[in-house]
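One-letter residues, chain by chain:
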Amino acid sequence: MKVPLSWIREFVDVTASAEEIGTLMGVRGLALEGLEQHGEDVVMDFDVTANRPDCMSVIGIAREIATAYKLPLAAGGTKVPPLQPNGKVPITIEEPELCCRYVGAVADVTIGPSPKWMQDRLAMCGVRPISNIVDITNYVMLELGQPMHAFDLAKMREDKIVVRRAKAGESMTTLDGKKRTLTGDMLVIADAECAEDIGGVMGGASSEIGSATKRVAFEAAYFAPSQIRSTSKKLGLKTEASSRFERGADRTAPPRAMARALQLLEQIGAGTFTGDATDNYPTPYQPKAMRLDRARISGLLGMDVPDDAVARILTSLGFEIPKTHYLGPKAEAWDVVPPSWRVDMHRQVDLIEEVGRHHGFEHLPTTFPGVEQAPPPSDPRIARDRRARTALLGIGFSEAISFAFIASKAAEPFLDGHEPVAIANPLSELFTAMRPSLLSGVIDAVSHNRRHGRPDVRLFEIGTRFSPDGETRGAGFAWTGLATPDHWSGARRAVDFYDVKGVVEQLAAEYQVTPSFSETKKAYLVDGRAAAIVVKGRTIGVFGQLAPAIAAARDLPATDEIYAGEIDLDALSAAAPAETLRAAALPKYPSVVCDVSILVADALSAETVRGTIRSAAPETLIQIREFDRYQGKGIPDGKVSVSFRLTFQSPDRTLTDDEVQGAMQRIMDALTRDLQAVQR
């Protein structure tokens, strides 16, 4: 809200400079955004919050300044005589719930330019001067915060003013020259036949004030904020009037604004009031008193405010406190009646905020809050996520953070037959659904890095996934480029499936969980290069090579092999052992290592072979490691040679050769019987 300092001083006799006023008002909740020098005057640009429509006027800002400087608020300019309606302007309100008050007055006018002082003030406030009559309505709006409009009465059929809803298919051309198609939920100001004004938003061109206008009907009304907000949004039409009405106007202001407009009309010699005026006010405003407890003030603010300061602040801001309710030595509360322009006053805390603002929050004592109970424990998910983050960072990955909102098309490959979680009011087509997988954002981040010249990319993200069944927390990762840093001491090797499998195993080891793996099919992974992560019979994630179609859709090079995976951290954490780790003594007795090589079907997974070995082996088998796999010359078709290194050890004795040989024989018998393995 731009306000010239000279205009403010018509309402409050403040001698401070604009800079000093701005500094003080900044700590009173009315921030100064900038200052503009206009000759000898200074324009102050205040940032008015949405809940303070009363400050969208010169008098509203002057009232705040007067309270801050403990000065009286003057009438401003010449004292305005009250409007004396005679009811001779025919005004009909068909929708009193949308327009609860409409004031109209008729004047004979002579159209011309407004005085230079008025034009200068309007221009300093960012309003273009047009003509004396239009300038008067804009001047009153800026001064008092009440939007006004003027109709050329000769263009109004039967001189009638009707406040009604628009008819189905009704249209009109507004003052900006655009034809607007109206809907039945919009409010219009009409004559006997047609709409002449979109109520509270913009007037119509058909009744516009022109150089030939001789008689006008001034309008000042109150419109329901929700109605103006809805109409303005549907038409894409934002005006100075709509921005005030949609925040909440003062329903007692229309007659005051009309009286001020008629005073200015005669003051600048633009015309004469005919005496005909109507104030159609079906349901008068009834203010309600609010209780303000003395103890509640200090309890909420954390400081004591003297009783006389409370009374001064509230009365200076326009609140009424009946004399019988002023706090005395034994009284404990006020009954406070908020002014009609303070539409933000709803609860006792709102009153206390006003007291705190103008008493000065800078007076709050510096104290530490009392600790009455221990703080609640941290969310266990924080520590769980930290463990996963630490593990992935240790492997060499960098963390990415992406939006939880994604395009519906980007979500499709990751839905797995579920419906997407759609957003009711998306910001754009790029944010129409909640992500079903973290991989969508991680792959986009990989693409961004590749486009900026990074050949080797390792990224992960920890976050929430969304499905119709609810939310789950997961870790997604992607890896492309070299498996190890490029270095002169070793050969270059690109990342492969087993590198990513190692990432999963390392992450699971952080939670003391040993996963198994099985083949799976996913729309976003290459068939034959995709595996499910299984823990205690439950699939908790997948990993594998990203499908080329998904990579191409994100502008990734066709030559890149991108490996990606995702794991459910909720499930992984639930599978972790509950007991605390315990230290154990180092083994006293030596271990025995045996190697075994077998021929098995090449379709058989190494996990199946290891499972068979474990089921047949005694408890002294402490480790199984696959160290060789061979297919080629000397190996029958459909077969593969696999070598395992088995480690046996007992915590309480040295194992004998017979014990180890017996264990190896049982293992070999199980492999032969269950897997048709042949020892080599």
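Above this text you will find the structure in question.
On a predicted model such as this, the values are computed, not experimentally measured, just so you know. (Residues numbered from 1 in each chain as written. Predicted model: local features only at pLDDT ≥ 70, side-chain atom pairs only at ≥ 80, totals over all residues. Heavy atoms only, no water.)

*Asks:* It is not clear to me how the sheet that holds strand E29 (residues 639-648) should be interpreted in this structure. Could you clarify?
*Replies:* Hydrogen bonding along the main chain pairs the strands of a sheet, whether they run parallel or antiparallel. With antiparallel pairing, the four strands of this open sheet are ordered in space as E28-E29-E27-E30. The open sheet has two edge strands with one neighbour each: strand E28 (621-630) and strand E30 (678-679). In the sheet, strand E27 (residues 592-601) pairs with E30 via two bridges, with the strands oriented antiparallel. The partner of Leu-599 across the bridge, within E30, is Val-678. On the sheet, helix H18 (residues 606-616) packs against E27, E28 and E29 and is oriented at approximately 145° with respect to E28. The sheet contacts of helix H19 (residues 657-675) involve E27, E29 and E30, and relative to E27 the element is tilted by about 10°. (Pairing = 2+ DSSP bridges. Helix = DSSP H or I, 4+ residues; strand = E, 2+ residues; numbered from the N terminus. Contact = heavy atoms within 4.5 Å. Axes fitted to C-alpha atoms, helices over the stretch in contact; angles between N-to-C directions.)

*Asks:* Just to check I follow, could you spell out helix H10 (residues 307-316) for this structure?
*Replies:* For an α-helix, 3.6 residues make a turn, and residues three or four places apart therefore share a direction. Ala-309, Val-310, Ala-311, Ile-313 and Leu-314 are the residues of H10 that are buried. On its buried side, H10 packs onto helix H3 (58-68), strand E15 (290-293), helix H9 (294-301), strand E16 (333-336) and helix H11 (348-359). The first or second residue beyond H10 is Gly-318, which carries a positive phi of 100°. (Buried < 20%, exposed > 50% of the residue type's maximum accessible area, 1.4 Å probe, protein only.)

*Asks:* Just to check I follow, could you spell out the sheet that holds strand E7 (residues 161-165) for this structure?
*Replies:* Here five strands make up an open sheet; going across it, the order is E4-E7-E10-E11-E12 and the pairing mixed. Two strands bound the open sheet, and with one partner strand each, they are strand E4 (91-93) and strand E12 (202-203). Direction of pairing for strand E11 (residues 195-198) relative to E12: antiparallel, over a ladder of two bridges. From the neighbouring strand, Asp-197 faces E12, where its bridge partner is Gly-203.

*Asks:* Sorry, what's going on with the state of the cysteines here?
*Replies:* Cysteine pairs can be covalently joined through their sulfur atoms, and such a bond is termed a disulfide. Inspection of every chain in the model, using the stated rule, returns zero disulfides. Counting only cysteine sulfurs, Cys-99 is the nearest neighbor of Cys-100, a cysteine outside any disulfide, at a range of 6.8 Å. Sulfur of Cys-125: no disulfide; nearest cysteine sulfur belongs to Cys-55 and is 15 Å away. Residue class for Cys-125 comes out buried when judged on its relative accessible area of 10%. (Disulfide = S-S within 2.5 Å.)

*Asks:* Is there a simple way to think about the layout of surface pockets in this case?
*Replies:* Rolled over the atoms, a probe with the dimensions of a water molecule shows which regions are left empty. By volume, the largest pocket amounts to about 790 Å³. What lines the largest pocket is a set of 31 residues, among which Val-134, Asn-138, His-149, Leu-175 and Met-202 lie closest to the centre. Breaking the lining of the largest pocket down by element, the ones donating at least two residues are helix H5 (132-144), strand E6 (148-152), E11, E12, strand E13 (215-222) and helix H7 (240-245). Per-element tally for the lining of the largest pocket: the top contributor is H5, with four residues. (1 Å grid on protein atoms, 1.4 Å probe; cavity = no way out; pocket = protein on both sides within 12 Å on 5 of 7 lines; lining within 4 Å. Points joined across faces, edges and corners; volume = space filled by probe spheres on them.)

*Asks:* Even after reading the chapter, I still don't get the side chain of Asn-132, so can you show me in this structure?
*Replies:* Inspection of the secondary structure assignment puts Asn-132 in helix H5. Note on Asn-132: relative accessible area 5%, which makes it buried. Those residues in contact with Asn-132 that sit more than four places away from it in its chain are Thr-110, Ile-111, Gly-112, Pro-113, Ser-114, Ile-268 and Ala-270.

*Asks:* Teacher, can you tell me more about the packing of aromatic side chains here?
*Replies:* The geometry of two aromatic rings is summed up by the distance between their centres and the angle between their planes. In this structure the tally under the stated criterion is 10 aromatic pairs. Judged by centre distance (5.6 Å) and plane angle (75°), the rings of Phe-397 and Trp-479 are edge-to-face. Separated by 82 residues along the polypeptide, Phe-397 in the loop between helix H12 (380-395) and strand E17 (398-399) and Trp-479 in strand E22 (residues 470-480) bring together distant segments of the chain. Accessibility classification places Phe-397 together with Trp-479 in one group, the buried group. One aromatic cluster in this structure is built from Phe-497, Tyr-498, Phe-517 and Phe-543. Over the face of the ring belonging to Tyr-222 we find Arg-251, whose NZ or CZ atom lies 4.7 Å from the ring centre. Sitting over the ring of Phe-627, Arg-645 keeps its end group 4.5 Å from the ring centre. (Phe/Tyr/Trp six-rings, centres within 6.5 Å; stacked < 30°, edge-to-face > 60°. Lys NZ or Arg CZ within 6 Å of the ring centre and 35° of its normal.)

*Asks:* Would you take a moment to explain the pattern of salt bridges for this structure?
*Replies:* Here the idea is simple: oppositely charged side chains can pair when their charged atoms come close. Counted by the stated rule, this structure contains 51 salt bridges. For Lys-160, the salt bridge goes to Glu-158, with nearest N and O atoms at 3.5 Å. Classification of Lys-160 as partly exposed rests on a relative accessible area of 37%. A salt bridge links Arg-357 to Glu-354; the shortest N-O distance between them is 2.7 Å. On the criterion of helical spacing, the pair formed by Arg-357 and Glu-354 is a turn pair, its members being three residues apart in helix H11. Glu-354 shares its class with Arg-357; the two are buried. Taken together, the shared-partner salt bridges in this structure form one network comprising Arg-52, Asp-54, Glu-64, Arg-342, Asp-344, Glu-354 and Arg-357. (Salt bridge = Lys/Arg side-chain N within 4 Å of Asp/Glu carboxyl O.)

*Asks:* Is there a simple way to explain the environment of Thr-272 in this structure?
*Replies:* The residue Thr-272 is located in strand E14 (residues 271-280) in this model. Judged by its relative accessible area of 47%, Thr-272 is partly exposed. For the pair Thr-272 and Val-106, spaced 166 residues apart in sequence, the C-alpha to C-alpha distance is 8.9 Å. For Thr-272, the residues in contact, after removing those within four places along its chain, are Ala-107, Asp-108, Leu-265 and Glu-266.

*Asks:* Would you mind going over the side chain of His-149 with me for this structure?
*Replies:* Checked against the element boundaries, His-149 lands in strand E6. Since its relative accessible area comes to 13%, His-149 is described here as buried. Apart from the residues within four sequence positions on either side, His-149 is in contact with Thr-137, Leu-175, Asp-197, Gly-203, Ala-217, Phe-218 and Glu-219.

*Asks:* What is the right way to look at the pairing of strand E2 (residues 31-38) in this model?
*Replies:* As a general feature of sheets, a regular strand has side chains that alternate between the two faces. The sheet contact formed by E2 and strand E3 (residues 41-47) spans seven bridges and is antiparallel. Across the sheet, residue Glu-36 finds its bridge partner in E3, namely Val-43. Here E2 hands over to E3 after two residues, with Gly-39 in that stretch at a positive phi of 60°.

*Asks:* Just to check I follow, could you spell out H3 for this structure?
*Replies:* The buried count for H3 comes to 11 of 11 residues, which makes it a mostly enclosed element. At the N-terminal boundary of H3, the capping side chain belongs to Ser-57, with an oxygen 3.0 Å from the backbone nitrogen of Gly-60. Just downstream of H3 lies Lys-70, where phi reads positive at about 55°. (Polar contact = N/O pair within 3.5 Å; in protein donor to acceptor, adjacent residues only side chain to side chain.)

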